[in-house]
Each structure stands twice: as structure tokens, then as C-alpha cells.
Amino acid sequence: MSTAVSTKVLVVDDSEMDRRLAGGLLGKVEGWDILYAKDGGEALSSIAADLPDIVVTDLVMPGMTGLELIESIKDDHPLIPVVLMTGKGSEQIAAQVLKQGASSYVPKSRLAEDLRETVHHLLTAAREDRVHSRLMHYLAQSDSVFVLRNDLAQIRLLAGYFQQLLRCLPLGDQSERLRVGVAIEEALNNAYFHGNLEVGGTITEVDRRKYAELAQTRSFTHPYRDRKIYVRAEISREKATFVIRDEGPGFDFAQLLDAGDIVEQEQFRGRGIVLMRTIMDEVSYNECGNEVTLIKHKVAEDFDNDDGGDDDVD
């Protein structure tokens, strides 16, 4: 009789209250075993003793900061995705930390709504990535065009598919490819929610359940139901280009990209743009704001083998 292996999630925060809050939210998921550390040093000791599947860490901590912890994990354990928790007003710092290797982030004001979903998506993507064939390493060029219905399941499948194709693009390690997958899915989500379905501007207008219900209703209602999401992807050993267009009215991207407007990350689209801009090398929009182009270049030649040998992991 086989025994199911639990998923280990390490929560790092110097505040016991915040640590227990995050752990309590994640502990509600069956099969997730929550580990705790009160600072970066204790987190590294915990990782050495019992390797977690994912790390969720605060940014501002005494001694070793969240940024230093992320850098250490990326150097020594590149297969472990890291989610950053940020306090109010620290979203600009979060963008900097994303550039250092964090896979995603969640504002502390949104832990109850977003933390479980963010961790679940990253764990699913990481596991799918590890079990796929080495064949993608030998892919030299891929050009594809997809026309999607307003279907979140299709969006997630496509983001996962692109993540596999990215094995041919030298990105240094698996965690970077995972991060690019996050950015692609954020762009697709924006096209779905804000573009075709025109659902709200901020997640504070309605709660998460009502937001999802409105999106579901509009996906079956004229004119939203007839709109499509158009995706063109060109992936080679030099760079990857993704062009994602929806059939919605567009938005004033110039205003949202302004540094003064992007600090408040209660917006789905705003948070998505932070992730896209910090993970991808180039992000641009068409004139009306209903088409985004994402570009990721290969890393230095030293990393042409990609992934540091993660394909040897069963």
C-alpha cells in the first residue's frame, strides 16, 4: 500500500501573527504540510534539514532579509519556487525582488484571497515542468498561433504548454522558466478578465467569489461570449516573443504604467503588469491597449545547457 507524499510549504516571517496567518490559510489545503521559520537563517537551516516544495517569505525581516533569502535559495536550490509576501506600500520593492528570482508575490492585504491560489499555481506548474520530456531541449524553433475562447482552463493549459517550449531557450534554471510562465499567464488573465469580459477595475469593488461569478456570467452573455483571445508565439534559442490580443475596448496603459499609479497593487491588471515588466525583458502595448507583446531573451552563453541539470530529477 503506497503512502501519499505531502507537499511541504515553508512559511518565513519574523511576525508570529503574520506567520501563523499565512500558515493557517495554506494549512487548509489537504496534503499540504506547513513548516515555519522566524527569519532567513532559520529558513535556510529548515531547507537543509527538510527540503520544501515551495517557500513563502516576508520581505522585511531582521538579520537576513527576504531578498537575501531569495538570492540564497536561487543559488543553492534553484528548483524551489519562492513567493514573496509584501506589506502595504512595498510593491515597488516587490518588483525589485522579483527581478532577483522570486516567482510571484502577494500583498499581505490580499493573503486570504490570493495566497492559496498563487502557491497552488506555482506548485502545479513546477511539477508539470519536471515530468516533461528532455526532448524540448532540442527544439530549435517554434512558431504558433492560438485562438482561445473565454475559458480559464484553456488559458492555464496554454501557459503550461509555452513553459515547456521554453526549454529550448537558455534561461539559466528551471525557476526562471517558471517565472516566464507566470508572466504569460498574467497577460492571458488580463485579456480574459479585463479585456474580453470587462470585469471590474479593482478586486476591492467586489469580493473574489462575486468577481469570478460575474466573469462566468459574462462568458455566456453577448457581446462578451463571442470575443476571442489571439495568441502568437515565436520561440527560438535566441529569444521568445508572445503577442496576446483580446477583443475588448482596451485601456489606458500609459496611465497605469506611470510610476505613481502602479504602486497601489489592489488591481488585478496592475499586479499583472508588475509581474510581466519585472520578469520579461520587454513589454509593450498597441495604441488602444488590447494587445501586449512580451519578449524574453536568452541569458549568457554560459547557461546554454539550461536548468543546471534539472532534467536528471525524476
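Here the structure is a predicted model, which means the values were calculated and not measured. (Residues numbered from 1 in each chain as written. Predicted model: local features only at pLDDT ≥ 70, side-chain atom pairs only at ≥ 80, totals over all residues. Heavy atoms only, no water.)

Please explain the packing of helix α2 (residues 40–49) against helix α3 (residues 66–76) as it appears in this structure.
Relative orientation and spacing of two packed helices are given, respectively, by the angle between their axes and the distance between those axes. At a closest axis distance of 10 Å, the pairing of α2 and α3 adopts a crossing angle of 20 degrees. By the angle class used here, α2 and α3 are roughly parallel. The interaxial crossing formed by α2 with α3 has right-handed handedness. The residues of α3 that touch α2, namely those facing Gly40, Ala43, Leu44 and Ile47, are Leu69, Ser72 and Ile73. Of the residues belonging to the contact of α2 with α3, the class tally is 5 nonpolar, 2 polar and no charged. (Axes fitted to C-alpha atoms, helices over the stretch in contact; angles between N-to-C directions. Helix = DSSP H or I, 4+ residues; strand = E, 2+ residues; numbered from the N terminus. Parallel < 35°, antiparallel > 145°, perpendicular 65-115°, else oblique. Left-handed = near helix turned anticlockwise from the far one by under 90°. Contact = heavy atoms within 4.5 Å. Nonpolar A, V, L, I, M, F, W, Y, C, P; charged D, E, K, R; others polar.)

Even after reading the chapter, I still don't get the packing of aromatic side chains, so can you show me in this structure?
Both the distance between ring centres and the angle between the ring planes are used here to describe each pair of aromatic rings. Per the counting criterion, the structure on display carries 6 aromatic pairs. Centre to centre, the rings of Phe162 and Phe242 are 5.1 Å apart; their planes meet at 55 degrees, and the pair counts as tilted. Taken together, the residues span a long stretch of sequence, with Phe162 in helix α6 (residues 152–165) and Phe242 in strand β8 (residues 239–245) at a distance of 80 residues. The residues Phe162 and Phe242 share a single accessibility class, namely buried. Geometrically, the ring pair formed by Phe251 and Tyr285 is edge-to-face, given 5.5 Å between the ring centres and 90 degrees between the ring planes. Here Tyr285 lies in strand β9 (residues 282–285) and Phe251 lies in the loop between β8 and α9 (253–257), a separation of 34 residues in the sequence. The same class applies to Phe251 and to Tyr285, which are both buried. The rings of Phe146, Tyr161, Phe162 and Phe242 are connected pair by pair, giving a single aromatic cluster. The residue whose ring lies beneath Arg20 is Tyr36, and the NZ or CZ to ring-centre distance is 4.1 Å. For Arg245, the ring lying beneath its charged end belongs to Tyr230, and the centroid distance is 4.3 Å. (Phe/Tyr/Trp six-rings, centres within 6.5 Å; stacked < 30°, edge-to-face > 60°. Buried < 20%, exposed > 50% of the residue type's maximum accessible area, 1.4 Å probe, protein only. Lys NZ or Arg CZ within 6 Å of the ring centre and 35° of its normal.)

Even after reading the chapter, I still don't get the pairing of strand β1 (residues 7–12), so can you show me in this structure?
The buried fraction of β1 amounts to 6 of the 6 residues, a majority that puts the element mostly inside the structure. Of the pairings in the sheet, the one linking β1 to strand β2 (residues 32–37) comprises 6 bridges and is parallel in character. Looking across to β2, one finds that Val9 is bridged to Ile34. A crossover links β1 with its parallel partner β2, the connecting element being helix α1 (residues 16–27), and its sense is right-handed. Pairing of β1 with strand β3 (residues 54–58), which is carried by 4 bridges, proceeds in the parallel orientation. The residue of β3 that forms the bridge with Leu10 is Val55. (Pairing = 2+ DSSP bridges. Right-handed = clockwise from strand over helix to strand, strands pointing away.)

Mind showing me how you'd approach the sheet that holds β1 here?
Remark on secondary structure: sheet strands pair via backbone hydrogen bonds, oriented parallel or antiparallel. The strand order across the open sheet formed by 5 strands is β2-β1-β3-β4-β5, and the pairing between neighbours is parallel. What marks the edges here is a single partner per strand, and that holds for β2 and β5 (104–107). Here the strands of the sheet are splayed against their neighbours by 20 degrees on average, with no regard to which way each runs. As paired strands, β3 and strand β4 (residues 82–86) are joined by 4 bridges and run parallel to one another. Note that in β4 the partner of Asp58 across the bridge is Met85. Where α1 meets the sheet, it contacts β1, β2, β3 and β4, and its direction lies at approximately 170 degrees from that of β2. Those strands touched by α2 are β1, β2 and β3, and its axis lies near 165 degrees from that of β1.

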